[in-house]
2 protein chains.
Amino acid sequence: MRIGELARRTGVPVPTIKYYTREGLLPPGERTSPNQVRYAESHVRRLKLIRAMLEVGGLSIAAAREVIGEVDSPRRTVHGMLGVAQSAVTKAAVERGTEEDWERAEHEVRELVRRHGWAAKPENPGWKALVQIVVTYRDLQRDDLLALLDTYADAAGKLAIAELGALADVPSTDGKVEGVVLGTVLGDAAMSALRRIAQEDVSGRVQKRPHSA
Amino acid sequence: MRIGELARRTGVPVPTIKYYTREGLLPPGERTSPNQVRYAESHVRRLKLIRAMLEVGGLSIAAAREVIGEVDSPRRTVHGMLGVAQSAVTKAAVERGTEEDWERAEHEVRELVRRHGWAAKPENPGWKALVQIVVTYRDLQRDDLLALLDTYADAAGKLAIAELGALADVPSTDGKVEGVVLGTVLGDAAMSALRRIAQEDVSGRVQKRPHSA
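Residues numbered from 1 in each chain as written. Chains lettered and ligands numbered in written order. Predicted model: local features only at pLDDT ≥ 70, side-chain atom pairs only at ≥ 80, totals over all residues. Heavy atoms only, no water.

**Details of the overall build of chain A**
Working step 1: A count of helices and strands for chain A gives 9 helices and 2 strands.
Working step 2: The C-alpha atoms of chain A give a radius of gyration of 22 Å, which is well past the 17 Å a tight globule of 213 residues would have.
Working step 3: If you line up chain A on its principal axes, its C-alpha atoms span 70 × 45 × 35 Å.
Working step 4: For chain A, buried positions account for 49% of its 213 residues. (Helix = DSSP H or I, 4+ residues; strand = E, 2+ residues; numbered from the N terminus. Rg over C-alpha atoms; globule rule 2.2 N^0.38 Å. Buried < 20%, exposed > 50% of the residue type's maximum accessible area, 1.4 Å probe, protein only.)

**Focus on the interface of chain B and chain A**
Working step 1: Taken together, the contact between chain B and chain A spans 86 residues of the former and 86 residues of the latter.
Working step 2: For the pair chain B and chain A, the two sides together bury roughly 8000 Å², of which 63% comes from carbon and sulfur.
Working step 3: Along the contact surface separating chain B from chain A lie 12 salt bridges.
Working step 4: The shortest N-O distance in the salt bridge between D188 of chain A and R196 of chain B comes to 2.5 Å.
Working step 5: Looking at the side of chain B that touches chain A, the elements with two or more residues in it are α3 (41-56), α5 (78-89), α6 (99-115), α7 (125-139), α8 (143-168) and α9 (173-208) of chain B. (Contact = heavy atoms within 4.5 Å. Buried area = accessible area lost by both parts, 1.4 Å probe. Salt bridge = Lys/Arg side-chain N within 4 Å of Asp/Glu carboxyl O.)

**Quick notes on the relation of the copies chain B and chain A**
Working step 1: Here chain B sits on chain A after a turn of 180 degrees about the axis and a move of 0.0 Å along it, with an RMSD of 0.0 Å. The superposition of one copy onto the other is thereby described by a two-fold rotation axis. Among all C-alpha atoms of chain B, that of A155 of chain B lies closest to the rotation axis, at 2.9 Å.
Working step 2: Residue by residue, 100% of the interface of chain B is reproduced at the interface of chain A, so both copies engage with the same surface. (Least-squares fit on C-alpha atoms with pLDDT ≥ 70 in both.)

**A few points about the packing of helix α6 (residues 99-115) of chain A against helix α7 (residues 125-139) of chain A**
All names here are of chain A.
Working step 1: It is the contact of α6 with α7, at a shortest axis distance of 9 Å, that shows an interaxial angle of 120 degrees. Here α7 runs oblique to α6, going by the angle between their axes. Crossing hand, α6 versus α7: right-handed. Judged by residue contacts, D101, W102, R104, A105, E106, E108, V109, R110 and V113 of α6 engage W127, K128, L130, V131, Q132, V134, V135 and R138 from α7.
Working step 2: Residue composition of the contact of α6 with α7, grouped by class: 9 nonpolar, 1 polar and 7 charged. (Axes fitted to C-alpha atoms, helices over the stretch in contact; angles between N-to-C directions. Parallel < 35°, antiparallel > 145°, perpendicular 65-115°, else oblique. Left-handed = near helix turned anticlockwise from the far one by under 90°. Nonpolar A, V, L, I, M, F, W, Y, C, P; charged D, E, K, R; others polar.)

**Topic: the confidence of the model for chain A**
Working step 1: Looking at chain A, the pLDDT average stands at 90 and 96% of residues meet or exceed 70.
Working step 2: Per-element mean pLDDT across chain A ranges from 89 in helix α5 (residues 78-89) of chain A up to 96 in helix α2 (residues 14-22) of chain A. (pLDDT = per-residue confidence, 0-100.)

**Here we look at the domain arrangement of chain A**
Residues and elements named next belong to chain A.
Working step 1: Domains assigned within chain A are domain 1 (3-56) and domain 2 (88-208).
Working step 2: Just the C-alpha atoms count here: the centres of domain 1 and domain 2 sit 34 Å apart.
Working step 3: Listed per partner, the contact involves 5 residues of domain 1 and 5 residues of domain 2.
Working step 4: Summed over both partners, the interface of domain 1 with domain 2 buries about 470 Å², with 74% contributed by carbon and sulfur atoms.
Working step 5: The interface formed by domain 1 and domain 2 holds 1 salt bridge in total.
Working step 6: Taking the shortest distance from any N to any O, the salt bridge between R45 and E178 comes out at 2.8 Å.
Working step 7: Our enumeration of links across domain 1 and domain 2 arrives at 1 residue pair in polar contact (both at pLDDT 80 or more).
Working step 8: Here the residues of the side of domain 1 that touches domain 2 are counted per class, giving 4 nonpolar, no polar and 1 charged. (Domains from an automatic or database assignment. Polar contact = N/O pair within 3.5 Å; in protein donor to acceptor, adjacent residues only side chain to side chain.)

**Regarding the pattern of salt bridges**
Residue and element names in this part refer to chain A.
Working step 1: Inspection of every chain in the model, using the stated rule, returns 38 salt bridges over all chains.
Working step 2: Its salt-bridge partner being R65, residue E23 comes within 2.5 Å of it at the nearest N-O pair. Separated by 42 residues along the polypeptide, E23 in the loop between α2 and β1 (30-33) and R65 in helix α4 (residues 61-71) bring together distant segments of the chain.
Working step 3: For E23, a relative accessible area of 24% translates into the label partly exposed.

**Structural notes on the environment of L47 of chain A**
Working step 1: Turning to its location among the elements, L47 of chain A is positioned in helix α3 (residues 41-56).
Working step 2: Those residues in contact with L47 of chain A, other than ones at most four positions away along the chain, are L6, T10, V12, I17, Y20 and L26 of chain A.

**Observations concerning the environment of A190 of chain B**
Working step 1: For A190 of chain B, the location among the structural elements is in helix α9.
Working step 2: When its relative accessible area of 0% is taken as the criterion, A190 of chain B is described as buried.
Working step 3: If near-sequence neighbours (up to four positions away) are discounted, A190 of chain B is found in contact with L130, I133, L149 and Y152 of chain A.

**Focus on the UniProt feature "domain: HTH merR-type" (unreviewed entry) in chain A**
Working step 1: According to UniProt, the positions carrying the feature "domain: HTH merR-type" (unreviewed entry) are residues 1-70 of chain A.
Working step 2: Each end of residues 1-70 of chain A is marked by a C-alpha atom, and these two atoms are 26 Å apart; helix forms 61% of the span and strand 10%. (UniProt positions renumbered as here; feature names shortened; annotations may be inferred.)

Structure, rendered in structure tokens:
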């Protein structure tokens, strides 16, 4: 198909398609004559994936480029793809608090990971983010919120098994790799959205009880 | 205490403290003489809360100001605080896809909410975000990822009960209100971080099995 049809099929304007190609997100089409370029079905799908990453997932062009680089890598694996996608969606943690606070929080995170029997490394992009959260909760003496982390971890463990299980049922490697990208980029957003809806429900019920604030 | 001690105690530089005061995030100290202002313990705590929102939670100054406005409101309730905090952390969803896609996805979200027995309104900031995610998964024909939403919803329901339950045990309204802010602003980040660590674990185990990608 020509670029006009690609634009119509995906809802992405022609100049934006050209921009994504220049930025290395979309592979160029096949030049069939000096002023004609042909695009394939794979371009439709790739454009939808790019749009999901940038517009729904809120990734930067640079982060999306890194993810796409791994998607297109001949050496890609599902496990490697997960690491790249996770790094792309995780904002760098700001280190605040004293060295002592950090060491204590790092120890707590290590203990939590051990308690849940997880084989994971401190290089995991979630690790430092979690340490920063523990430092913050400690700083504000919110032991009640710290105690919730084990409940979150139980839920996270169950979700990871369900997610990777769903992925195992996808027949093609292309489908698996795309599933990792979407699951990582949009899975967090889906979980946050559902948490807000569930919280509204529970909070509304609490509010209706007599003598509650 | 004087501003210098407030800065030392919280690790927030004096010009930043003044900036937060000008922006309406931090109440001004009490002027005790023409060139002396006195700050209280409540300023220490408020500064830590502001820092958690801006630096760990990634909120904008405008979003943090809205949250603080509700924290300081004489008419605040825990339920109302939750709504304001949720809106502050939820990025506006970009509407992509045809009107028909949206209607279908809205119907699916309504059905999901009904299935889980939740009393929640489409005005909930998570609702539109979830519709956008359903539109995206449908557009890419990822029924496998759509099917996971019920698993996420089960987890979200359990977490909401645990979160609101922990809050019920906090004796003061101040503590409850601060707990809602922190739980909303940092709770999502904590859950995302733990999901990454759990996913690394499960993905690593799958990878070690023979014949897996």
